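Residue strings, one per chain:
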Amino acid sequence: MGRWKQKLTLFLSLWTIASPAALRWCNLHLARLSEQLAREPKVQWPSAHLKPGPVTPERVREIAAQVYDPNSPLGRELDQIFSKKMENPDSLDDYFRSYEVFYWSPLYREIADRMHEALPASGRFLDLGSGTGGLGGILAQEAPGRLITFMDKPLAVDTARSRMTKLFPGAPDRFEYIPFYAGPKTRLFGNYDGALINHVLYTMPPKRKEGALAGLRDHIPAGGIVAINEPVKEAVAEGDRHREWMTRILETAVANGAPHSEYDVATILAFASGRATKSLRSGQDLELPLQTRAEQEALFERNGFEIVRSEPTYDGFSRFWVLRRKPN
Ligand SMILES: C[S@@+](CC[C@H](N)C(=O)[O-])C[C@H]1O[C@@H](n2cnc3c(N)ncnc32)[C@H](O)[C@@H]1O
């Protein structure tokens, strides 16, 4: 066989193996998001260790190892850069911008697919702690009857608004935006048919978690569904589990075409590991108010929800619950 024929055969057989996944992941949603990101300012600073431009899965692993190492040269550079950045509240922009790399990970998409299956195909749903709208956007894309309300810090919700306006042109009525950080006594705005919460409760102190669940109970009718995915304390506390989970998300996102750079990867790792915000805690280690599976299930039950389904996600790092609002 001639060389070009060999190449064509190899290409076609790879395409046949890869095409269902390729078609699924190179979807319009991510392609449009990539176009938007290309026109926006990049997270960057003069670095001795990081390069602009595309990042490889191998580099993700190297960067992760260094960010989680207290004495690595890149780690020390990040300590310096972020202690300066933290003097300006707009630096949270960097967090939200870099966080979007998650959207390219097939593992994140798996969570979105579980939520899609669990929630009804029509109705009004609150995405509590929505970030820049990655999950709510996928759920809206999967079922045209869903209206999504995004609730998070103003910086995040503003970005969600700009993303949805471009991703769903001509459908502004399908989305609402609440630039608000829920506190322990917050009562939610408006009523919902259900809600979704992904990796949000673990950052909330206990009283705030109670407030969030009580708020959902009061604004969702009996029978309404809440889909929740949260890390579980017993898994996160195991050795290097946190670093391994982050590395896996990032390397799979990058392998799936995320248009992010080494700076984005280092930035989201610096925030996730607590390194970026160290100066705000006078150098203390980050202690997240994580709860065990049993503690989270007790939180749901005492706030008026029954557990319909519960299963491990992210290789046991997190857990996915489908809750149903009990009758009063
Ligand atoms: C790890 S991100 C997850 C974002 C989004 N749920 C997703 O899956 O892509 C956690 C988000 O929760 C938000 N958050 C944490 N506590 C919150 C609160 N009390 N009220 C609103 N948002 C909150 C943070 O601002 C952040 O955007």
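Before reading on, note that the structure itself is shown above.
Residues numbered from 1 in each chain as written. Predicted model: local features only at pLDDT ≥ 70, side-chain atom pairs only at ≥ 80, totals over all residues. Heavy atoms only, no water.

J.: Quick one: what's the story with the overall build of the protein, residue by residue and with numbers?
T.: Along the protein, the regular secondary structure elements total 13 helices and seven strands. Each principal axis of the C-alpha atoms in the protein carries an extent, and together these give about 70 × 55 × 40 Å. Within the protein, the proportion of its 328 residues that are buried is 50%. Look at the contacts in the protein between residues 6 or more apart in sequence, and 77% of them connect residues 24 or more apart. As displayed, the protein has an accessible area near 15600 Å², and 56% of this comes from carbon and sulfur atoms. Each charge class in the protein was averaged separately, 43 positive and 40 negative side chains, and the resulting centres sit 2 Å apart. (Helix = DSSP H or I, 4+ residues; strand = E, 2+ residues; numbered from the N terminus. Buried < 20%, exposed > 50% of the residue type's maximum accessible area, 1.4 Å probe, protein only. Contact = heavy atoms within 4.5 Å. Areas by Shrake-Rupley, 256 points an atom, 1.4 Å probe, with all protein chains shown as cover. Lys, Arg positive; Asp, Glu negative; His and termini not counted. Charge placed at Lys NZ, Arg CZ, Asp CG, Glu CD.)

J.: Residues and numbers for the site of the ligand, please.
T.: As a structural note, the neighbourhood of the ligand is formed by 19 residues, with Y108, G129, D152, A182 and N198 the closest of them. In the model, an oxygen atom of the ligand is placed 2.6 Å from a nitrogen or oxygen of the D152 side chain. Alone, the ligand offers 600 Å² of accessible surface; in the complex the protein occludes 95% of this. Top contributing element to the shell around the ligand by residue count: helix α5 (residues 92-99), with three residues. The residue makeup of the shell around the ligand, split by class, is eleven nonpolar, six polar and two charged. (Near = heavy atom within 4 Å. Polar contact = N/O pair within 3.5 Å; in protein donor to acceptor, adjacent residues only side chain to side chain. Nonpolar A, V, L, I, M, F, W, Y, C, P; charged D, E, K, R; others polar.)

J.: Tell me what's going on with the environment of E62, and back it up with residues and numbers.
T.: Inspection of the secondary structure puts E62 in helix α3 (residues 57-67). On a C-alpha basis, the gap between E62 and L286 in space is 22 Å, while along the polypeptide they are 224 residues apart. A polar atom in the side chain of E62 sits 2.7 Å from the side chain of R59.

J.: Residues and numbers for the sheet that holds strand β6 (residues 305-313), please.
T.: Here we have seven strands laid out as an open sheet, ordered β3-β2-β1-β4-β5-β7-β6, and mixed in their pairing. Edge positions in the sheet fall to β3 (175-179) and β6, since each of these pairs with one other strand and no more. With direction set aside, neighbouring strand axes in the sheet form an average angle of 20°. As paired strands, strand β1 (residues 122-128) and strand β2 (residues 145-152) are joined by seven bridges and run parallel to one another. Within the sheet, the bridge partner assigned to G123 lies in β2 and is R146. (Pairing = 2+ DSSP bridges. Axes fitted to C-alpha atoms, helices over the stretch in contact; angles between N-to-C directions.)

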